[in-house]
Structure formats: C-alpha cells, structure tokens
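Residue-level listing of the chains:
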Amino acid sequence: MDWIALDERQQTGYTPIDEDHEQVVELINELARAITQHQSKAVCTELLERIIQNTKAHFARENRLMAEVHYPRAEGHMAQHARLLDEALALKRWFETASVESVMSVSLLHFLENWWTEHIPTSDQALSDFIASAKSR
Ligand SMILES: [Fe+2]
Ligand SMILES: [Fe+2]
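These notes cover the structure that comes with them. (Residues numbered from 1 in each chain as written. Chains lettered and ligands numbered in written order. Predicted model: local features only at pLDDT ≥ 70, side-chain atom pairs only at ≥ 80, totals over all residues.)

1. Quick notes on the packing of helix H2 (residues 41–68) against helix H3 (residues 74–97)
Any two packed helices are characterised by the angle at which their axes cross and by the distance between the axes.
Line of reasoning, step 1. Two elements in contact, H2 and H3, have axes whose closest approach is 10 Å; the angle formed by their N-to-C orientations is 170°. When the interaxial angle is binned, H2 and H3 end up roughly antiparallel. Note on element contacts: H3 touches H2 through Ala74, His77, Met78, His81, Leu85, Ala88, Leu89, Lys92 and Phe95, opposite Thr45, Leu48, Ile52, Thr55, Lys56, Phe59, Glu62, Asn63, Met66 and Ala67.
Line of reasoning, step 2. Taken together, the residues of the contact of H2 with H3 break down into 11 nonpolar, five polar and three charged. (Axes fitted to C-alpha atoms, helices over the stretch in contact; angles between N-to-C directions. Helix = DSSP H or I, 4+ residues; strand = E, 2+ residues; numbered from the N terminus. Parallel < 35°, antiparallel > 145°, perpendicular 65-115°, else oblique. Contact = placed C-beta atoms within 7 Å. Nonpolar A, V, L, I, M, F, W, Y, C, P; charged D, E, K, R; others polar.)

Dropping the structure here:
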C-alpha cells in the first residue's frame, strides 16, 4: 500500500510541477515500504538521500520558474522552500542517529504534513495558476 497518494489537492494542473511531485512521492512511498519491510538502515538512508536530492532539484526548478515569469509572490514561496529543505536535512541528520521507526513516525510525517498537505495545495497551486493565467494573456 502506498503511504501517500496524489489526490486532486496535490494536482496543480501545471504538468512540469506535477510530474516532479509525482517522482518525489514515489520515492517517499518506496522509503515507507523499505521501513515497514525492515530493510537495512543503509537502504533507507540512501532512499532518503534521493528524496532530498530530488526535492532540492524540484525546489530549484520552481524557483527558476518563478524568476522567469516574474512571479510576484516568489519571495515568500522561496522562503518556504528553504524552510522545507532545512526540515528535510534535519530529518537526515536525525536518521543517522535514531531508529528508523522513530524517524518515520514523527519527523517524516511532520515534514510531509508541511510539504505535501500544506505547501503544494496552497503555494504551488497559486504558482501554477499564475503561470496558467500568464500564458493565456
Ligand atoms: Fe513550491
Ligand atoms: Fe512543488
């Protein structure tokens, strides 16, 4: 079973962004599976590393996009990315010392809460809407 799923709240309607999100979600679900199947810590750490790299690349892409389209709310959106990335990196540091299960249950959920259920449906949605209306002008 997938740990998180893409439902319509996470579909912004702007394909390049949605595809990026989809890739990261697949990795997160892979990590969740690895944890529930009691895979080695090395395997889990590697997956988390890939999640962070993909997330970083995705945030950089959105930041470039905002600059390109002169998005008026870019500053706040970029600040959210920086905060989310900090959280992800803190998660990785914790992962190095704590048990995989404890990280899974508390910190990963918290990170996902912020990123998945808050940032994407609000900030990314607003950006996608802005791009769509800029294109139709
Ligand atoms: Fe974003
Ligand atoms: Fe995003």
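2. Considering unusual backbone geometry
Glycine aside, negative phi is the norm for most residues, and most peptide bonds take the trans geometry.
Line of reasoning, step 1. For histidine 38, which is not glycine, the phi torsion reads 55° and is therefore positive.
Line of reasoning, step 2. For histidine 38, a count of 10 C-beta atoms within 10 Å puts it in the exposed group.
Line of reasoning, step 3. Despite not being glycine, histidine 70 has its phi angle at roughly 50°, a positive value.
Line of reasoning, step 4. Looking at the element boundaries, histidine 70 is found in the loop between H2 and H3. (Buried ≥ 20, exposed ≤ 12 C-beta atoms within 10 Å, placed from the backbone.)

3. A short note on H3
Residues separated by three or four positions in an α-helix point in the same direction, a consequence of the helix having 3.6 residues per turn.
Line of reasoning, step 1. Spanning 24 residues, H3 covers 35 Å between terminal C-alpha atoms, matching the ideal 34 Å at 1.5 Å per step.
Line of reasoning, step 2. Three or more residues of H3 are buried, namely His81, Ala88 and Phe95. (Expected span 1.5 Å × (residues − 1).)

4. What to know about the environment of glutamate 49
Line of reasoning, step 1. Along the chain, the position of glutamate 49 falls in helix H2.
Line of reasoning, step 2. Classification of glutamate 49 as partly exposed rests on a count of 13 C-beta atoms within 10 Å.
Line of reasoning, step 3. For glutamate 49 and alanine 88, which are 39 residues apart along the polypeptide, the C-alpha to C-alpha distance reads 9.6 Å.

5. Here we look at the nonpolar core
General note: in soluble globular proteins, nonpolar side chains tend to be found buried as a group.
Line of reasoning, step 1. With 10 residues, the main nonpolar core is built from Val24, Ile28, Leu31, Ala34, Ile35, Cys44, Leu47, Leu48, Ile51 and Phe95.
Line of reasoning, step 2. Going through the elements one at a time, helix H1 (15–36) and H2 are the ones with two or more residues in this core.
Line of reasoning, step 3. Here the element with the most residues in this core is H1; it accounts for five residues. (Core = buried A, V, L, I, M, F, W, Y, C linked by C-beta atoms within 7 Å.)

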